[in-house]
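# Structural features, examined
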Amino acid sequence: MTRSARNAVLLAAALSAGSAAAAPAGDASVKKRLDERGMKYEVYEDGDFKLTFSYKTEDRSQLVFVSGKTESVGVFEIREVFAPALKLADVPLSGAKTKELLESSGEYKLGSWEIRDEVLYYVIKLPDSVNAEALESALEIAAEAADDMELELSGKDDL
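A few points on the structure. (Residues numbered from 1 in each chain as written. Predicted model: local features only at pLDDT ≥ 70, side-chain atom pairs only at ≥ 80, totals over all residues. Heavy atoms only, no water.)

### Let's talk about a nonpolar patch on the surface
What counts is decided by this rule: In this analysis, a patch consists of residues with relative accessible area above 30% that form no salt bridge, clustered at 9 Å for like charges and at 5 Å for the nonpolar side chains Val, Leu, Ile, Met, Phe, Trp and Tyr. Note on areas: Shrake-Rupley with a 1.4 Å probe; residue coverage comes only from the protein chains shown. Salt bridges, as used here, are contacts in which a Lys or Arg side-chain nitrogen is within 4 Å of a carboxyl oxygen on Asp or Glu. Put simply, DSSP marks the helices as runs of H or I at least four residues long and the strands as runs of E at least two long, and each gets a number from the N terminus on.
A surface patch of nonpolar side chains, about 340 Å² in accessible area, is lined by Val73, Val75 and Phe76. For valine 73, the location among the structural elements is in strand β4 (residues 71-73).

### Here's the deal with helix α3 (residues 95-107)
Using the following cut-off: Here a helix's expected span is defined as the number of its residues, less one, multiplied by 1.5 Å. Burial classification: accessible surface area is computed with a 1.4 Å probe over protein chains only, and a residue below 20% of its type maximum counts as buried, one above 50% as exposed, and the rest as partly exposed. The arc under discussion is defined with respect to the helix axis, by the directions toward the C-beta atoms. Contacts between residues were defined by any pair of non-hydrogen atoms, one from each residue, lying within 4.5 Å.
Compared with the 18 Å implied by 1.5 Å per residue over 13 residues, the 19 Å span of α3 between its first and last C-alpha is a close match. Taken together, the buried positions of α3 are occupied by Lys97, Leu101, Ser104 and Ser105. An end-on view of α3 places all buried positions within 110° of arc, on one side of the element. Of the exposed residues in α3, the ones pointing more than 90 degrees away from its buried face are Gly95, Ala96, Lys99, Leu102 and Gly106. Those residues of α3 that are buried are in contact with β6 (112-116), β7 (119-127) and α4 (132-154).

### Re unusual backbone geometry
Phi is positive for aspartate 59, which is not a glycine, with a value near 55°. Mapped onto the elements, aspartate 59 comes out in the loop between β2 (49-55) and β3 (60-66). Of note, the phi angle at glutamate 118 is positive, near 65°, even though the residue is not glycine. Mapped onto the elements of the fold, glutamate 118 is located in the loop between β6 and β7.

Laid out in structure tokens, this is it:
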């Protein structure tokens, strides 16, 4: 092999190893819990885990995410589960509907509605110590709440 050919092979190997190392791994504890429950997911660049729940009988699906990092609040390490329900640019919320969402948030036992970056999300904030079964349950709750609200507000299945 010529010197230039060998250098090209070494460069290609280095680049492919570099891109493999650059792939996001996500938080190992979340990965372990999702894997334990046999859940399929993708990891975003920021470390968030993206899952898609399918509702075959309704011919719908719903995105839901697990935050790739935790936040400290007092003695708690909190991890968020969040599901987008509506892009506000597509369907703006009236004042009455916004009030209704805030009131309904007070009735939920786990989670509430939040607006972030012009998107309405159902958000559940959990102690990061929850086990795999509890994390899966939170994901299911968030997905169902967001999908129901998306259907009610837009009649579509975009998220």
